[in-house]
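# An overview of the molecular structure
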Amino acid sequence: MKNLISIEFKKVFKSKVYIITLAIFTLLAVLIAIESSYYSVIGENRIKNTTDVNLWLSANTLFSKWVGGQLADGLSMIFYYLLPLVAIIGYSWSLQSEMKSGYIKNIVVRGGKNSYFFSKIIVNFIASGLIVLIPIVVNFIIVACFVPVRMPDPQYDVIYSIYSGDLWSVLFYTNPFVYDLIFIFISFLFAGLWSIVPMAISFFTKNKIASLVTPYIVLLLYSYVMDISGFAYNSSPFSFIKAAQQGRPYNEFVIFGTLLVIACFGIGIVALRGHRDDVF
Amino acid sequence: MFFNVLRYDIVTHIIKKWYIFAICLLAFIGTSFIYVCSSNLNVGPPGTEPYSIPFTLGEYLFYPFAGTTYNTFPLIWLICNVLVIFIIINFGYNMQSKKKMKVLIYSQSRVIWWLSKCLVAVIYVWLYFAMYLIATLIFCAANGGSFEITVNNHTMNVLGLNTRILNQLPLSFGNILLCIPISLSALAVIITTLSLIIKPIFSFVVAFLFIGVSSFYSSPLLLGNYTMLVRSSHFMQNNGMDFNFCILYSIAIMLAFAALGAIIFKFKDIRNGG
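Residues numbered from 1 in each chain as written. Chains lettered and ligands numbered in written order. Predicted model: local features only at pLDDT ≥ 70, side-chain atom pairs only at ≥ 80, totals over all residues. Heavy atoms only, no water.

## Concerning the overall build of chain B
Let me state the cut-off plainly: Helix and strand labels come from DSSP, where a helix needs a run of H or I of at least four residues and a strand needs a run of E of at least two; each type is numbered from the N terminus. The cut-offs for exposure are 20% and 50% of the maximum accessible area for each residue type, with area from a 1.4 Å probe on protein chains only; residues under the lower value are buried, those over the upper are exposed, and the others partly exposed. The criterion used for residue contact is that any of the two residues' heavy atoms lie within 4.5 Å. Every accessible area reported is derived by Shrake-Rupley at a probe size of 1.4 Å, with residue values counting cover from the shown protein chains alone.
Regarding its fold elements, chain B presents 10 helices and 2 strands. Reading the secondary structure of chain B in the N-to-C direction produces α-α-α-α-α-α-β-α-β-α-α-α. Here chain B, with 274 residues, has 54% of them falling under the buried criterion. Considering only intrachain contacts with a sequence separation of at least 6, the fraction spanning at least 24 residues in chain B is 78%. Accessible area for chain B stands at about 12000 Å²; split by element, carbon and sulfur atoms hold 67% of it.

## Here's the deal with the packing of helix α4 (residues 74–91) of chain A against helix α9 (residues 200–216) of chain B
Keep this limit in mind: Axis definition: a line fitted to C-alpha atoms, over the contacting stretch in the case of helices. Angles run 0 to 180 degrees between N-to-C directions. When describing relative orientation, an angle under 35 degrees is termed roughly parallel and one over 145 degrees roughly antiparallel, while 65 to 115 degrees is termed roughly perpendicular and anything else oblique. In this scheme the handedness of a crossing depends on how the near helix is turned from the far one: anticlockwise by less than a right angle means left-handed, clockwise means right-handed. All residues other than Ala, Val, Leu, Ile, Met, Phe, Trp, Tyr, Cys, Pro, Asp, Glu, Lys and Arg, Gly among them, are scored as polar; the first ten of these are nonpolar and the last four charged.
It is at 10 Å that the axes of α4(A) and α9(B) come closest, and there the two elements cross at 160°. Relative to α9(B), the element α4(A) is oriented roughly antiparallel. Handedness of the α4(A)/α9(B) crossing: right-handed. Contact residues: α4(A) offers A:G74, A:M77, A:I78, A:Y81, A:L82, A:L85 and A:I89, while α9(B) offers B:I201, B:F202, B:F204, B:V205, B:F208, B:L209, B:G212, B:V213 and B:F216. Here the residues of the contact of α4(A) with α9(B) are counted per class, giving 14 nonpolar, 2 polar and no charged.

## Here we look at the side chain of B:N225
Residues and elements named next belong to chain B. Rules: N or O atoms within 3.5 Å of each other form a polar contact, as long as, within protein, one can give a hydrogen and the other can take it, and as long as residues adjacent in sequence are counted only when both atoms are side-chain atoms.
Along the chain, the position of N225 falls in the loop between α9 and α10 (243–266). By relative accessible area, N225 is classed as buried at 0%. At 2.8 Å, the side chain of N225 forms a polar contact with the backbone oxygen of S219. Not counting chain neighbours up to four residues away, the residues in contact with N225 comprise S214, Y217, S218, S219, R231 and M241.

## Remarks on the packing of aromatic side chains
Test applied: Between rings of Phe, Tyr and Trp, where Trp is taken as its six-membered ring, a pair exists when centres lie within 6.5 Å; planes separated by under 30 degrees are stacked, by over 60 edge-to-face, and by other angles tilted. Charges are assigned to positions over rings by a cutoff of 6 Å between ring centre and Lys NZ or Arg CZ, combined with an angular limit of 35 degrees from the ring normal.
In this structure the tally under the stated criterion is 42 aromatic pairs over all chains. Taking the centre distance of 5.8 Å and the plane angle of 85° together, the rings of A:F13 and A:Y18 count as edge-to-face. Residues A:F172 and A:Y173 carry aromatic rings whose centres are separated by 5.0 Å and whose planes lie at 80° to one another, so their mutual orientation is edge-to-face. As far as the burial class goes, A:F172 and A:Y173 line up, both buried. An aromatic cluster is built from A:Y160, A:W168, A:F172, A:Y173, A:Y179, A:F183 and A:Y250, whose rings are joined through pairwise contacts. Stacked on the ring of A:F204, the Lys or Arg A:R273 has its end atom at 5.0 Å from the ring centre. Geometry around B:F265 places B:R110 over its ring, the cationic atom sitting 5.6 Å from the centre.

## Here we look at a nonpolar patch on the surface
All names here are of chain A. To keep things clear, this is the line we draw: Patch definition: residues above 30% relative accessible area lacking any salt bridge, with like charges linked at up to 9 Å and the nonpolar side chains Val, Leu, Ile, Met, Phe, Trp and Tyr linked at up to 5 Å. The rule for a salt bridge is simple: a side-chain nitrogen of Lys or Arg has to be within 4 Å of a carboxyl oxygen of Asp or Glu.
A surface patch of nonpolar side chains, amounting to about 260 Å² of accessible area, comprises M1, F118 and I122. Structurally, F118 can be placed in helix α7 (residues 113–146). Assessed through its relative accessible area of 36%, F118 is described here as partly exposed.

Written out as structure tokens, the structure reads:
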């Protein structure tokens, strides 16, 4: 199992598709950081030259300018809508490719079916999580280099879109680093679990594009239906992985419940079909 | 020879894949159903009587491709666009399979083969548009609606659109519906050309970015704007997209990318997939 995991990791980090996807997504994160920092620096200069009493100092802070803290803005919104797609492009295609090419037979005959599929799940989870985590962390660091780290002030809650009574709002106004870390971790968790879904779909179709894109279309559809259904909480993964709580209120049970359903669907099918199906 | 290749492509990629269009038909019946449901859900305070005026065909047609005047992602519009992108990407992926490439040998010319593929991509879009019209017609007839292609303030309220910047409502808009397939045809040729250079899944990402950026930046150069009916000059008094420019621009894009694709494909190493 250990050997299989290390082989899989080598395959991931030598994969051109993985590296190109990571590079493009990181570039997008850097662009968002540059745009955000640019407007923040302009704002700081305006504050220095003004005689206004209310300077809105706390509004111009790292916690409202990094990609997850921004309100619905052009590039940051595209970033979060691309995130599930990028997570699956990274390495989720590998299982289907290996099934098609017959590579799976060589591995299974040496290491066993269960070891193969579980190492695939573990590596895919970590690799896809990283493909999302690295750009977010890069964005956070770049923004932190230019935008002051001021404690969020509840008076300017409209800027952060985190109001009294919102999920973990007390944590945000007392320890914003921990709050943002939690949401970065949720993004990592979502990307990792979501990337297992196309692996599960690949047991049902031989079409690579269909297995990668269909889950994404289903996710868009699910978000839309939940959006118009009048459900009390925000259950769209496009939104609840963002630290700025726009739209309907967040709820920890809905967030982790959604992640649990995704995990059960993906891991369940891969484990079940992987164990049952004949690879030869 | 061109018509022989085209006939083969239509049979292989369209007639044998009839289920794709059946799914589209069901999807558009679904959007009309969602419109009726959200009409009763989103308008008025709790306890308000359901919307009682008969729906018009225009309302059903307008809902999926209405788009928005704000800088945000209208999800239903995004889904309708992503669906057509997916169909084209899938075609781009299938057309390059080794088995299908054998047709190239019989076609005697790479340009003929390529032009046939571009035409099939455009046919895909128009069939998708036909499914959209048929589905809404069926739903409208089944639901006892009137067949006027008009929208009113109620539709704008359901979509959450600000009616102040729009022209006087109710408004007839049948003539600008053609903007959708024309601009999507141009996008289809772009995607098919991109599929020659990069992996199909990356061309999906590029097309998604193209559409996504369109929803945030109202520029006549971004094709996605023409698939949002509400952004046309017919609806928006100021800075609306011009229908005539849409036709000219889309045709220019189609021809340019078809020519670019022909050049790329002429020098493509088919045997090694390069």
